[in-house]
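Residue strings, one per chain:
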Amino acid sequence: MRAVDIIIKKRECGELTSQEIEFFIKGFTNGEIPDYQASAFAMAVLLNGMTAFETADLTLAMARSGQVLDLSKIVDLAVDKHSSGGVGDKTSISVMPMVAACGLPVGKMSGRGLGFSGGTLDKLESIPGYRVDLTTEEFKKQLKEKGIVLTGQSLDLAPADGKMYALRDVTGTVPSLPLIASSIMSKKIAAGAQAIVLDVKTGLGAFMQTLDEARKLADLMMDIGRLAGRKTVALLSDMNQPLGHAVGNALEVIEAIETLKGGGAPDYREHCLHVAAHVLVVGKKAQDLEAGRALAEKCIADGSAFEKLCVLVEAQGGAVTYVHDTSKFERAKYVEVVNAPQSGFVSQIHARGVGEASVALGAGRAKKSDSIDHAVGLIIHKKVGDQVQAGEPLFEVHANDEAKLAEARQAVLTAHQISAEFVSPLPLFYE
Ligand code: URA
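The rules behind these values
- Residues numbered from 1 in each chain as written.
- Predicted model: local features only at pLDDT ≥ 70, side-chain atom pairs only at ≥ 80, totals over all residues.
- Heavy atoms only, no water.
- Domains from an automatic or database assignment.
- Near = heavy atom within 4 Å.
- Polar contact = N/O pair within 3.5 Å; in protein donor to acceptor, adjacent residues only side chain to side chain.
- Areas by Shrake-Rupley, 256 points an atom, 1.4 Å probe, with all protein chains shown as cover.
- Pairing = 2+ DSSP bridges.
- Helix = DSSP H or I, 4+ residues; strand = E, 2+ residues; numbered from the N terminus.
- Contact = heavy atoms within 4.5 Å.
- Axes fitted to C-alpha atoms, helices over the stretch in contact; angles between N-to-C directions.
- Parallel < 35°, antiparallel > 145°, perpendicular 65-115°, else oblique.
- Left-handed = near helix turned anticlockwise from the far one by under 90°.
- Nonpolar A, V, L, I, M, F, W, Y, C, P; charged D, E, K, R; others polar.

Novice: Looking at this model, I keep getting lost on the domain arrangement of the protein. Mind explaining?
Specialist: When cut into domains, the protein gives domain 1 (3–49), domain 2 (79–156 + 165–324) and domain 3 (331–419). Using only C-alpha atoms to locate each centre, domain 1 and domain 3 end up separated by 38 Å.

What follows is the structure in structure tokens.
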């Protein structure tokens, strides 16, 4: 078998066999198949798609590219959550501590930024010292002892996804149904989750822009979950505007911390409570969503969710003083408040435009080797449906470069639309 023949077969819209997929993923993982062939493969998949069988084979091959954890001796029921990616989506940083504080141990493998969407690992690394490269043994030990883990792919957990993900970020191969489904589900399966809550985003700042596409992605991932014997639930949530106020790594971590302290943006808090309620239900800690939500609310109110975040950060080597005192986070050199050019109701905040502006400020990567600027990003003051007066603060740009600041100001102004007519707020969830 040769990698080039597999790429050509997919280029010609052929259906790959399980053996071909297995061969390609094995070769890519051990370095025999180079990045340029894997990039061509990803592009062929993006352009020509995959059948449900091919996608399931790709997922299982990626999950088996490293160890597949069996956590049954460590926790009663291993639960996990994953988002399909969006702008300002720092959900895991609040939800995982909330759920763990309710007595449900959670171990999660997160991802880095992907295209215009931010990544939990890049965000967490804005806490000095925070390690995202735990070994499998460390993952298991921490899950058992602390009841919470938030790390990245190690060399021995779904390494094929780790390598493919980094390539997709910089080769224009992110928005592909089979590539997203296999990326997410391979990580979940490898990390040993028995019950999984998927937060599938739809809208202008999601990889799946229509509800129909998002539903297809959700169905595909639920089918893969079923095939792998994992209980899988999917929520379809809005990603037309950024989630919460903050976009950018440290800024988002600060917003997640404030939420765990009982504050935070109302839409983000509500989103987190709903996702946490679902995780608590699939994790059998709550009978229904109402009870799950009440539990999640209680652990914010009594401080135990915030305490759990401190436990997590400390366990992974991060400076917990930053969590207690968010003024310690590195701030960007320039912070400019941009005012509304006219009065009215905010009718659009194009999430993708905002995400791209944040990446251009340095919060994401253009090339694999690029480093991240943790301090830069945006604070969105008004949300869709909010009334605004001309001259009132609309958003803030946090930049370390004056030219980039000017570009971001323009891009984010363009992302905003203000209407003279009343505009309803956007829903948080569709299904
Ligand atoms: N999250 C992932 O882990 N992978 C994707 O491809 C998209 C979102």
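Novice: Help me out: how do you make sense of the site of the ligand in this one?
Specialist: Around the ligand lies a shell formed by His-82, Ser-83, Ser-84, Leu-114, Tyr-165, Arg-168, Ile-180, Ser-183, Ile-184 and Lys-187. Contact between the ligand and Arg-168: an oxygen atom at 2.9 Å from a side-chain N or O atom of the residue. Measuring from an oxygen atom of the ligand, one finds a side-chain N or O atom of Lys-187 at 2.5 Å. Protein burial of the ligand: of its 230 Å² of free accessible surface, 97% is covered by the chains.

Novice: Hey, could you run me through the sheet that holds strand S6 (residues 246–247) in this one?
Specialist: To summarise the sheet geometry, strands pair through backbone hydrogen bonds and adopt either a parallel or an antiparallel arrangement. An order of S6-S9-S11-S7 is seen for the four strands of this open sheet, with the pairing classed as antiparallel. For this open sheet the edge positions go to S6 and strand S7 (334–339), each flanked by a neighbour on one side alone. Bridging between strand S9 (residues 377–380) and strand S11 (residues 393–399) involves four bridges; their strand directions are antiparallel. Looking at S11, one finds that Leu-378 is bridged to Val-397. Lying over the sheet, helix H17 (residues 402–415) contacts S7, S9 and S11, oriented at roughly 150° with respect to S11.

Novice: What is the right way to read the packing of helix H5 (residues 91–101) against helix H12 (residues 266–282) from this model?
Specialist: The description of two packed helices rests on the angle between their axes and on the distance between the axes. For the pair H5 and H12, the least separation of the axes is 9 Å and the interaxial angle reads 45°. Here H5 is positioned oblique relative to H12, judged by the angle of their axes. Read as a crossing pair, H5 and H12 show a hand that is right-handed. The segment H5 lies against H12, with Thr-91, Ser-94, Val-95, Met-98 and Val-99 engaging Tyr-268, His-271, Cys-272, Leu-273, Val-275, Ala-276, Val-279 and Leu-280. The class makeup of the residues in the contact of H5 with H12 is 10 nonpolar, three polar and no charged.

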